[in-house]
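So you can see what is in the structure, the chains are spelled out below.
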Amino acid sequence: MKIIKQALFILMALFLLYFSFTTVRQIVVFGPEKLSLGESFFLGFLINLCVTGIFAFAGFVFPTSKLLPDNYYTIKNSSKLMRLYSILGVKYFQKLLLLFFWGKKANRKKFFDGTKNGLERFSYQSKQSEFGHLGPLFVILLVAILMVFSSYYLLVFFIVVINIIGNLYPVILQRYHRIRIGKILSTWKLLRI
């Protein structure tokens, strides 16, 4: 059953890759065509959803976080990250996630079960999740730059805004989680728990 699920995730990631590529290609090749506000928002959302989905489905099957070196995941300046977290209002984003998805106990237990091993798994999952949003953050920015050259300014606006909310905020949130996880693990090491 697990192999079937992994195969489906891989196929879904490949489908989203193909769909994203052909969608962007069609917009660029057949443009510049005047897009309405609604069409621009819809396409911006669709591009973000599909590109992020490529990385998400791949991350469900492979340890994609290992594509970056371990020192990337080490938070070097936690005070700067905390300031950014506060300035951008990431805590409100976090509250929305808790309200609509992670508020259910069963969903939270998938990431943290209250044990030391659970905390280490949560740290790993935060790295997977961060990579799953960091990759699309940059790919989508490249798509937005491509759209600028095709004069789709309203589409670019929506692509960038949705990308910030859908990918930059989660990257900051995962790094924030690892600051907190690191403090707890350090305390446990001192207490030899």
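Up top is the structure these notes are about.
Predicted model, so just to flag it, every value in this text is computed and none were measured. (Residues numbered from 1 in each chain as written. Predicted model: local features only at pLDDT ≥ 70, side-chain atom pairs only at ≥ 80, totals over all residues. Heavy atoms only, no water.)

1. Things to note about the overall build of the protein
Looking only at helices and strands, the protein features eight helices and zero strands. Sequence separation of 24 or more characterises 82% of the internal contacts of the protein that already satisfy a separation of 6 or more. When the accessible surface of the protein is split by element, carbon and sulfur atoms take 70% of a total near 12400 Å². (Helix = DSSP H or I, 4+ residues; strand = E, 2+ residues; numbered from the N terminus. Contact = heavy atoms within 4.5 Å. Areas by Shrake-Rupley, 256 points an atom, 1.4 Å probe, with all protein chains shown as cover.)

2. Let's talk about the packing of helix 1 (residues 2-30) against helix 2 (residues 37-61)
At a minimum axis separation of 8 Å, helix 1 and helix 2 run at an interaxial angle of 150 degrees. Relative to helix 2, the element helix 1 is oriented roughly antiparallel. In terms of crossing hand, the pair formed by helix 1 and helix 2 is left-handed. Residue-level inspection shows Gln6, Phe9, Ile10, Met12, Ala13, Leu16, Leu17, Phe19, Ser20, Thr23, Val24 and Ile27 of helix 1 in contact with helix 2, the latter providing Leu43, Leu46, Ile47, Cys50, Val51, Gly53, Ile54, Phe57, Ala58, Phe60 and Val61. A per-class count over the contact of helix 1 with helix 2 returns 19 nonpolar, four polar and no charged. (Axes fitted to C-alpha atoms, helices over the stretch in contact; angles between N-to-C directions. Parallel < 35°, antiparallel > 145°, perpendicular 65-115°, else oblique. Left-handed = near helix turned anticlockwise from the far one by under 90°. Nonpolar A, V, L, I, M, F, W, Y, C, P; charged D, E, K, R; others polar.)

3. Some details on a nonpolar patch on the surface
A contiguous nonpolar patch, built from Met1, Ile4, Leu8, Ile10, Leu11, Leu14, Leu17 and Phe62 and spanning about 860 Å² of accessible area, is present on the exposed surface. Turning to its location among the elements, Met1 is positioned in the segment before helix 1. A relative accessible area of 81% places Met1 in the exposed class. (Patch = residues over 30% accessible without salt bridge, like charges linked within 9 Å, V, L, I, M, F, W, Y side chains within 5 Å. Salt bridge = Lys/Arg side-chain N within 4 Å of Asp/Glu carboxyl O. Buried < 20%, exposed > 50% of the residue type's maximum accessible area, 1.4 Å probe, protein only.)

4. Quick look at unusual backbone geometry
For residues besides glycine, phi is generally negative; the peptide bonds are generally trans as well. A positive phi is found at Ser151, a non-glycine position, where the angle reads about 65 degrees. Residue placement: Ser151 occurs in the loop between helix 7 (116-149) and helix 8 (153-191).

5. Observations regarding the pattern of salt bridges
Scanning all chains against the criterion turns up two salt bridges. Among the salt bridges present, the one from Glu130 reaches Arg175, with a minimum N-O distance of 2.8 Å. Placement of the pair is Glu130 in helix 7 and Arg175 in helix 8, with a sequence separation of 45 residues. Like Glu130, the residue Arg175 is buried in the burial classification. Three or more residues joined by partner-sharing salt bridges are found here, namely Glu130, Arg175 and Arg178.

6. Here we look at the packing of aromatic side chains
Tallying each qualifying case throughout the model produces eleven aromatic pairs. Centre to centre, the rings of Phe9 and Phe60 are 5.2 Å apart; their planes meet at 50 degrees, and the pair counts as tilted. Pair noted here: Phe9 is in helix 1 and Phe60 is in helix 2, with a separation of 51 residues, a long-range link. Look at Phe60 and you get exposed, because its relative accessible area is 54%. Both rings, one in Tyr85 and one in Tyr176, keep their centres 4.0 Å apart while their planes meet at 10 degrees; by these two values the pair is stacked. (Phe/Tyr/Trp six-rings, centres within 6.5 Å; stacked < 30°, edge-to-face > 60°.)

7. Looking at the environment of Met147
Mapped onto the fold, Met147 is located in helix 7. Taking C-alpha positions, Met147 is 8.4 Å from Ile27, a pair spaced 120 residues apart along the chain. If we skip the residues at most four places from it in the chain, Met147 touches Val24, Ile27, Val28, Ile47, Tyr152, Leu155, Val156 and Ile159.

8. Structural notes on the environment of Tyr169
Secondary-structure assignment places Tyr169 in helix 8. A relative accessible area of 14% places Tyr169 in the buried class. Each C-alpha atom, one on Tyr169 and one on His133, is 8.9 Å from the other, the two residues being 36 residues apart in sequence.

9. Quick word on the nonpolar core
Ile27, Ile47, Val143, Met147, Tyr152, Leu155 and Ile159 are the most contacted members of the largest nonpolar core, which totals 21 residues. Of all the elements in the fold, those that place two or more residues in this core are helix 1, helix 2, helix 7 and helix 8. The dominant element in this core, judged by the number of residues it contributes, is helix 2, at seven residues. Non-local contacts of Ile47, meaning those with residues more than four positions away in its chain, are made with Val24, Ile27, Ile140, Val143, Met147 and Ile159. Core analysis: the next-biggest nonpolar cluster, separate from the first, contains nine residues, Leu81, Tyr169, Ile172 and Ile179 among them. (Core = buried A, V, L, I, M, F, W, Y, C linked by side-chain atoms within 4.5 Å.)

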